[in-house]
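Read off the chains here:
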Amino acid sequence: LARHSGDTAEARHYFEEAVSRMRALLTKEPANQTYRDMLGSVLAEFGRMLATTDPAEAVAVLTESLELLAAAASAAVPQLETLRGLAQSHADLSDVLESQNHLDDAVSHAREAVALGRRCIEMAPTPEDAPWVKALVQAYDQLIDLAGKLGDDELAAQSKADAEPLRQRLAQAAPAAS
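Definitions and cut-offs
Residues numbered from 1 in each chain as written. Predicted model: local features only at pLDDT ≥ 70, side-chain atom pairs only at ≥ 80, totals over all residues. Heavy atoms only, no water. Salt bridge = Lys/Arg side-chain N within 4 Å of Asp/Glu carboxyl O. Helix = DSSP H or I, 4+ residues; strand = E, 2+ residues; numbered from the N terminus. Buried < 20%, exposed > 50% of the residue type's maximum accessible area, 1.4 Å probe, protein only. Contact = heavy atoms within 4.5 Å. Phe/Tyr/Trp six-rings, centres within 6.5 Å; stacked < 30°, edge-to-face > 60°. pLDDT = per-residue confidence, 0-100. Expected span 1.5 Å × (residues − 1).

### Brief notes about the pattern of salt bridges
Under the defined criterion, the tally for this structure stands at nine salt bridges. Note that Asp-92 and Arg-48 form a salt bridge whose closest N and O atoms lie 2.4 Å from each other. Of this pair, Asp-92 sits in helix α4 (residues 80-99) while Arg-48 is found in helix α2 (residues 33-53), placing the two residues 44 residues apart along the sequence. Given a relative accessible area of 10%, Asp-92 falls into the buried group. Bridged by salt links that share partners, the residues Arg-12, Glu-16 and Glu-57 form one connected network.

Dropping the structure here:
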């Protein structure tokens, strides 16, 4: 609530407290994957908040989030929400790196967001599920934007071509939703 009310100092305090408590739980039960997932998710949210106030710290926090969520995503049967969280963390880190003009690294994370988004679509109970498709289109848009900034016309064109069928799926799903 503090984050959404604009009180970033208070929100930071609560995030730091939550991270501290999750780390304490992990110290007691280091093999507990649920605790790792929860810490990864809390760090991802914390990193999103820091992106506007402290980009350097946001990179560190989001990187730690990625490490935790990647471990969960590498399980024999990863949870769909874990993969989606990992994709979003890659997209968030890409945004922060772009703001720092680290475009090559930003592209790398945007590519990861796209690859994970594609896995989410494949794993979703209903692949036509608009939220999953919309998230993947957003990841492609990020990659297209970065490719343009780097002058990589080939990557931009390929990403546009790959995203087009997804845009069509969204357009077809829109009338059904109304």
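### Comments concerning the environment of Thr-53
Here Thr-53 lies in helix α2. Thr-53 gets classed as partly exposed once you look at its relative accessible area, which sits at 47%. Taking C-alpha positions, Thr-53 is 8.5 Å from Thr-8, a pair spaced 45 residues apart along the chain.

### Observations concerning the environment of Gly-117
Its location among the elements puts Gly-117 in helix α5 (residues 103-123). C-alpha separation for the pair Gly-117 and Gln-88, spaced 29 residues apart in sequence, amounts to 8.7 Å. Once residues within four sequence positions are removed from consideration, Gly-117 is found in contact with Ala-87 and Leu-136.

### A look at the packing of aromatic side chains
Across all of its chains, the model carries one aromatic pair by this definition. Ring centres of Phe-15 and Phe-46 lie 5.2 Å apart, and the angle between their planes is 20 degrees; this geometry places the pair in the stacked category. One end of the pair, Phe-15, is in helix α1 (residues 8-28); the other, Phe-46, is in helix α2, with 31 residues separating them in the sequence. A residue is classified by how much of its surface remains accessible, and Phe-15, at 14% relative accessible area, is buried. On the accessibility criterion, Phe-46 (4% relative accessible area) is buried.

### Notes on the confidence of the model for the protein
Mean pLDDT for the protein: 88, with 91% of residues reaching 70 or above. No element of the protein has a lower mean pLDDT than helix α7 (residues 153-177), which averages 87, and none a higher one than α5, which averages 93.

### Re α5
If you check α5, its first and last C-alpha atoms are 30 Å apart, about what 21 residues at 1.5 Å a residue would give, namely 30 Å. Of all the residues in α5, the buried ones are Leu-103, Ala-106, Val-107, His-109, Ala-110, Ala-113, Val-114, Leu-116, Gly-117, Cys-120 and Ile-121.

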